[in-house]
Amino acid sequence: MKRNVKVATAVTAGVLAIGGVLAGGAVAAGTDGTTAPGTTARQQMMTGRQHYAERHGEGMQDTRRDGSCTRYTALAAQGTLTATQRTTLAGMAEEEKLAHDLYTAFAARYDVRVFERIAAAETSHLTAVRTLLDRYDVTDPTAGKPAGEFTDPAVQATYDRLLKQGEDSLSGALKAGRTVETEDIAALTKALSGLTAPDTRQVYTNLLAASERHLAAFEHWIAAE
């Protein structure tokens, strides 16, 4: 089923003022929607609501099933970045934009809320990276780029390949999401090695934790297919 999805493109003003960094909740599997013998009508109703939340990526103020990230913290002190680390930082912006643009495209194509929720999270992630770009006076490669367009040819090729994969089926889209998060985890883990700047370590560490949650959410939906 196709539908139009509006994805949030801003974060709380107070977060922007301090260079907000995403640090959301956990991701875990939920209930299976079954009802045990002898349960009350209210318990049956709650079980049904939980099952609906599980199937639609929503639910009962619980972000565990859809990879949402909901909490923010102040940005740590500025440090020093090497030339290589500055290049890596610029690349992180492209990676976050790739994830956002890809998940937004899939959210518009499939009636699966996990894409919409994680795309909104990626907006906040990109905001945090852009705050670092500004702090360290690094050119933002994503500035002025419309959805689906990237400065780095390699990133562009990856986006085009994963978009095509996801256009064929929901299964393909979920697996594309898994690929993005797996590669982000590897890139962030590598970027943290030897990094001393407190603010950049903070952002990367939070992005790594978020990617792990997003990966768990995609893995769950792939298993449920």
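Residues numbered from 1 in each chain as written. Predicted model: local features only at pLDDT ≥ 70, side-chain atom pairs only at ≥ 80, totals over all residues. Heavy atoms only, no water.

Regarding the side chain of Gln156
Point 1. By secondary structure assignment, the location of Gln156 is in helix α5 (residues 153-168).
Point 2. Polar side-chain contacts of Gln156 include one of 2.9 Å to the backbone oxygen of Gly148.
Point 3. Among the polar contacts listed, one links the side chain of Gln156 to the backbone nitrogen of Phe150, at a separation of 2.8 Å.
Point 4. Apart from the residues within four sequence positions on either side, Gln156 is in contact with Gly148, Glu149 and Phe150. (Helix = DSSP H or I, 4+ residues; strand = E, 2+ residues; numbered from the N terminus. Polar contact = N/O pair within 3.5 Å; in protein donor to acceptor, adjacent residues only side chain to side chain. Contact = heavy atoms within 4.5 Å.)

Thoughts on the side chain of Thr123
Point 1. By the secondary structure assignment, Thr123 is in helix α4 (residues 113-135).
Point 2. Exposure remark for Thr123: the relative accessible area of 10% places this residue in the buried category. (Buried < 20%, exposed > 50% of the residue type's maximum accessible area, 1.4 Å probe, protein only.)

Examining unusual backbone geometry
Point 1. The residue Asp137 is not glycine, and still its phi comes out positive at about 55°.
Point 2. Tracing the sequence through the fold places Asp137 in the loop between α4 and α5.
Point 3. Asp137 gets classed as exposed once you look at its relative accessible area, which sits at 66%.

Describing the environment of Ala119
Point 1. Inspection of the secondary structure assignment puts Ala119 in helix α4.
Point 2. For the pair Ala119 and Ala107, spaced 12 residues apart in sequence, the C-alpha to C-alpha distance is 8.3 Å.

Points about the environment of Leu102
Point 1. Here Leu102 shows up in helix α3 (residues 83-109).
Point 2. In sequence terms Leu102 and Leu163 are 61 residues apart; their C-alpha atoms lie 6.4 Å from each other.
Point 3. Once residues within four sequence positions are removed from consideration, Leu102 is found in contact with Tyr159, Leu162, Leu163, Ala176 and Val180.

Some words on the packing of helix α6 (residues 170-192) against helix α7 (residues 198-224)
Point 1. The geometry of α6 relative to α7 is characterised by a closest axis approach of 9 Å and an angle of 155° between their N-to-C directions. When the axes of α6 and α7 are compared, the pair comes out roughly antiparallel. As for how α6 packs across α7, the hand of that crossing is left-handed.
Point 2. Along the lines of polarity and charge, the residues of the contact of α6 with α7 split into 12 nonpolar, six polar and seven charged. (Axes fitted to C-alpha atoms, helices over the stretch in contact; angles between N-to-C directions. Parallel < 35°, antiparallel > 145°, perpendicular 65-115°, else oblique. Left-handed = near helix turned anticlockwise from the far one by under 90°. Nonpolar A, V, L, I, M, F, W, Y, C, P; charged D, E, K, R; others polar.)

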